[in-house]
Amino acid sequence: MQGIKIDLESVFSELNDTKVEWRKISREGLDLDYSLLFSKRIADEIMNQLEKEVEYYSGDLTKVKVFGKLHNIPRQQVAYGDNGLTYRFSGVTIPAKPWIEPLKIIRDLIFRLTKVEYNFVLVNRYRNGSDHIGEHRDGESDLDARAPIASVSLGQQRQFILKHADCRKKRSAKRDIPKVTVELQHGSLLLMNPPTNQFWYHSLPPRKNANGVRINLTFRKIV
Ligand SMILES: O=C(O)CCC(=O)C(=O)O
Ligand SMILES: [Fe+2]
């Protein structure tokens, strides 16, 4: 079948700002905005196009360093961004590839909603329900602390779990702050606003019964 090209104008016209409905999720030190931004039709088109055009890292860039040892990451990953940008993640430095059209389109659309000029996007691809990302905060030192991280989800719906730094581990919990679970739907946008990343850890745990492919894009502003 001939691939469907995403037409920027048609995406924008379906998304005149007044129609975007946000759900605010707030807790102590946590501030999220969630929206089911794309219709199924548009989300399917974006997903198809990303599946064709995104080229994931191979070799050493598929590994992370944990306590000095390299491990395979349990998902596929690649970064795109402005010329020369790199991003440090779990002991490896990730060079950004030059922007490709579908990622530029989404970047520009999110700019219209947030007025943030994102210069970098990390693409994570979860091949099945076993692929996951462990509890972490996003590397504050390289990131503009005032800009939200904008997370676009496509494909298999998965649970995104946030835990406050004071009660990550049950045994050593200093306080009793319930975790927050967000269902990340196909075509959704989640804004993680400051100071969320300072106080809350997030993860996407394995889900054996959610076995389809999922692509996540986290747009970031690197300084
Ligand atoms: O896949 C997701 O929804 C989250 C990815 C993430 O947390 C990250 O790349 O830092
Ligand atoms: Fe993250």
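For clarity, every value in this text was computed on a predicted model and none was experimentally measured.

Novice: Could you give an account of the nonpolar core, with specific residues and numbers?
Specialist: One finds F38, L217 and F219 to be the most contacted residues of the largest nonpolar core, which totals 65 residues. Contacts of L217, omitting those with residues within four sequence positions, involve L50, L103, I106, V121, L122, V123, A150, S151 and V152.

Novice: Any details on the sheet that holds strand β12 (residues 180–184)? Residues and values, ideally.
Specialist: Read across the open sheet, the four strands follow the order β9-β14-β11-β12; overall the sheet is antiparallel. The open sheet terminates on both sides in strands that have one partner only, identified here as β9 (133–136) and β12. Neighbour-to-neighbour, the strand axes of the sheet open up by a mean angle of 15°, direction not taken into account. Two strands pair when backbone bridges link them, and β9 and strand β14 (residues 200–204) are joined in this way by two bridges, in the antiparallel orientation. Residue I133 lies in a different strand from β14, and its bridge partner there is L204.

Novice: Outline the coordination of the iron ion (ligand 2), supporting the account with residue identities and numerical values.
Specialist: Distances from the iron ion (ligand 2) to its protein donors, H136 (NE2), D138 (OD) and H202 (NE2), fall at 2.1 to 2.2 Å. Read N to C, the donor residues that coordinate the iron ion (ligand 2) are spaced as H-x1-D-x63-H. With D138 in the loop between β9 and β10 (149–155) and H202 in strand β14, the pair connects residues that are 64 residues apart, well separated along the chain. In this structure H202 comes out as buried when scored by relative accessible area, which is 4%.

About the cut-offs
Residues numbered from 1 in each chain as written. Chains lettered and ligands numbered in written order. Predicted model: local features only at pLDDT ≥ 70, side-chain atom pairs only at ≥ 80, totals over all residues. Heavy atoms only, no water. Core = buried A, V, L, I, M, F, W, Y, C linked by side-chain atoms within 4.5 Å. Buried < 20%, exposed > 50% of the residue type's maximum accessible area, 1.4 Å probe, protein only. Contact = heavy atoms within 4.5 Å. Pairing = 2+ DSSP bridges. Helix = DSSP H or I, 4+ residues; strand = E, 2+ residues; numbered from the N terminus. Axes fitted to C-alpha atoms, helices over the stretch in contact; angles between N-to-C directions. Donors = N, O, S within 2.8 Å, 3.2 Å for Na, K, Ca; no water.

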